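Fold and geometry: a report
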Amino acid sequence: MKHVIHHLGGRGGQRSILVHGGAGNVAPERRPLHAAGCLRAAREGARVLAEGGSALDAVERAVRVLEDDPLFNAGTGACLNEEGHIELDASIMEGRGLRAGAVCALADFAEPIAIARAALEDGRHVLYAAHGAARFARMKGFTPVGEAALITEAAREALAAAQQGAGRATSWAGSTVGAVARDASGLTAAATSTGGTVNKRVGRVGDSPLIGAGTYADDEAGAVSTTGHGEGMIRLAVAHSAAERMRAGSSAVDAAREIIAHLAERLDMTGGVIAIDSDGRFGLARSTATMSWAAAGDWGEESGV
Ligand code: ASP
């Protein structure tokens, strides 16, 4: 399929998790590090599933591991906006009751995906923004760590490069993280977490915290997490659209390929998608140079970039 640089379909199984470490262009010498980070997260998620945890527990756990890994653009190590601050976006969804929770433009917290999960469990609202998200997080017992604890030297350097380089245009940070899983009960779930794009305008919110754009799960279709040009992912409702393709009978890999090709053809934008269908078979596709990933489950484990 034109535009799709790489795609892969996996066997998966009753209990499976697939994670991504962001569409982008990771330098060749750093690719093994990104694959290893994804594999650590997928193993943690698979361990949760093996111990009887739900798909929702597994995707939250896997994304938490990646948020804590400074290599990735989520939680600690997130990229910076045009004023040098962190604004975190994250969402999580389960496919049985279609419950979802999300936070956007959140500063100061190391675990946005856990706060999104708290929103899902709380059930009153789906999406909390900025200081309201911080207030919700404190109400649920999360402790702010302060922005300084989350900002890495690499994130500062990336902002400086973006501001010196392309006339203060927003640049793609890469290394957003996400996970999709299916558990033994047939529950599917998806989660996505990011700092967004480097040098973004204050208040810019991308696709990652938006249900239907960055994250979607429906047990009757499958679960999806996206990464890439957030504005395009929003405009094409990519996660929901990929899930609908699986509902209509496409395999996870075909759904991922079709929607990534559509993103390129319709909007001339690039990105990546991971998906898992209701039988636990997974698929991924990207139109970027890299997208690190790892999958694990009863059947074994695999990873790549
Ligand atoms: N989709 C993310 C955003 O636009 C960025 C990424 O996936 O790298 O915020």
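Residues numbered from 1 in each chain as written. Predicted model: local features only at pLDDT ≥ 70, side-chain atom pairs only at ≥ 80, totals over all residues. Heavy atoms only, no water.

So, the pattern of salt bridges
Counted only if it meets this: Counted as salt bridges are all cases of a side-chain nitrogen of Lys or Arg within 4 Å of a carboxyl oxygen of Asp or Glu. For every residue, the accessible area obtained with a 1.4 Å probe (protein chains only) is divided by the maximum for its type, and the residue is called buried under 20%, exposed over 50%, and partly exposed between those limits.
Counted according to the given criterion, the structure contains 24 salt bridges. In this structure, Asp277 engages Arg281 in a salt bridge whose closest nitrogen and oxygen atoms are separated by 3.5 Å. Residue classification places Asp277 among the buried positions, given a relative accessible area of 8%. Ionic pairing is found between Asp279 and Arg281, a salt bridge with its closest N-O pair at 3.1 Å. Relative accessible area serves as the criterion here: at 41%, Arg281 is assigned to the partly exposed category. Look at the salt bridges and you will find they share partners, linking Asp57, Glu60, Glu94, Arg99, Arg117 and Glu121 into a network.

Let's talk about the site of the ligand
Our working rule: When we say a residue is near a molecule or strand, we mean one of its heavy atoms is within 4 Å of it. In the analysis that follows, any N or O atom pair within 3.5 Å is treated as a polar contact, provided that within protein one partner can donate a hydrogen and the other can accept it, and provided that, for residues neighboring in sequence, both atoms belong to side chains. Every definition here rests on a 1 Å grid over the protein atoms only: cavities are sets of points where a 1.4 Å probe fits but cannot get out, pockets are open sets enclosed by protein on both sides within 12 Å along at least five of seven lines, and lining residues have some atom within 4 Å of a point. In this scheme, a molecule is assigned to a cavity or pocket if more than half of its atoms are within 2 Å of the grid points.
Neighbouring residues of the ligand: Trp172, Gly174, Thr176, Gly196, Arg204, Gly206, Asp207, Ser208, Thr227, Gly228 and Gly230. A distance of 2.6 Å separates a nitrogen atom of the ligand from a polar side-chain atom of Asp207. A distance of 2.7 Å separates an oxygen atom of the ligand from a polar side-chain atom of Thr227. Put simply, the ligand lies in the largest cavity.

Focus on the UniProt feature "binding site: substrate" (unreviewed entry) in the protein
To keep it simple, the criterion reads: UniProt positions are given in the numbering used here, feature names are shortened, and annotations may be inferred rather than shown by experiment. Strands are runs of DSSP state E lasting at least 2 residues, helices are runs of H or I lasting at least 4, and numbering of each runs from the N terminus. We call two residues in contact when some of their heavy atoms are within 4.5 Å.
UniProt tags Arg204, Val205, Gly206, Asp207, Thr227, Gly228, His229 and Gly230 as "binding site: substrate" (unreviewed entry). Residues from the named set that contribute to the lining of the largest cavity are Arg204, Gly206, Asp207, Thr227, Gly228 and Gly230. Relative to the helices and strands, Gly206 is located in the loop between strand 7 (188–194) and strand 8 (215–218). Judged by relative accessible area, which is 1%, Gly206 ranks as buried. Beyond its immediate stretch of four places on either side in the chain, Gly206 contacts Asp89 and Ile234. Relative to the helices and strands, Thr227 resides in strand 9 (residues 222–228). Not counting the four nearest positions on each side in its chain, Thr227 is found in contact with His20, Gly22, Ala23, Thr176, Met233, Gly271, Gly272 and Met291. A distance of 2.9 Å separates a polar side-chain atom of Thr227 from the backbone nitrogen of Ala23.

Things to note about the sheet that holds strand 13 (residues 300–304)
Put simply, the rule is: We treat two strands as partners when DSSP finds at least two bridges between them. To get an axis, fit a line to the C-alpha atoms, keeping to the stretch in contact for a helix; angles then go from 0 to 180 degrees between the N-to-C directions.
Taken together, the eight strands give an open sheet; going across it, the order is 5-4-3-7-6-2-12-13, and neighbouring strands pair in mixed fashion. The strands lining the two open edges of the sheet, one partner per strand, are strand 5 (127–129) and strand 13. Adjacent strand axes in the sheet meet at a mean angle of 10 degrees when their direction is disregarded. When strand 12 (residues 290–297) meets strand 13, the two strands line up antiparallel, connected through five bridges. By the bridge assignment for strand 13, Ala294 is matched with Ser303. Against the sheet, helix 1 (residues 31–50) engages strand 2 (16–24), strand 6 (177–182), strand 12 and strand 13, with an angle of about 30 degrees to strand 12.

Overview of empty space enclosed by the protein
Put simply, the rule reads: Grid points are joined across faces, edges and corners, and a volume is the space filled by probe spheres set on the points. Gly is put with the polar residues, along with every residue not named as nonpolar or charged; the nonpolar set is Ala, Val, Leu, Ile, Met, Phe, Trp, Tyr, Cys and Pro, and the charged set is Asp, Glu, Lys and Arg.
All told, the structure shown has one cavity of 30 Å³ or more when counted by the stated rule. At three residues, the largest contribution of residues to the lining of the largest cavity is made by strand 9. Of the residues in the lining of the largest cavity, the class split is one nonpolar, twelve polar and three charged.

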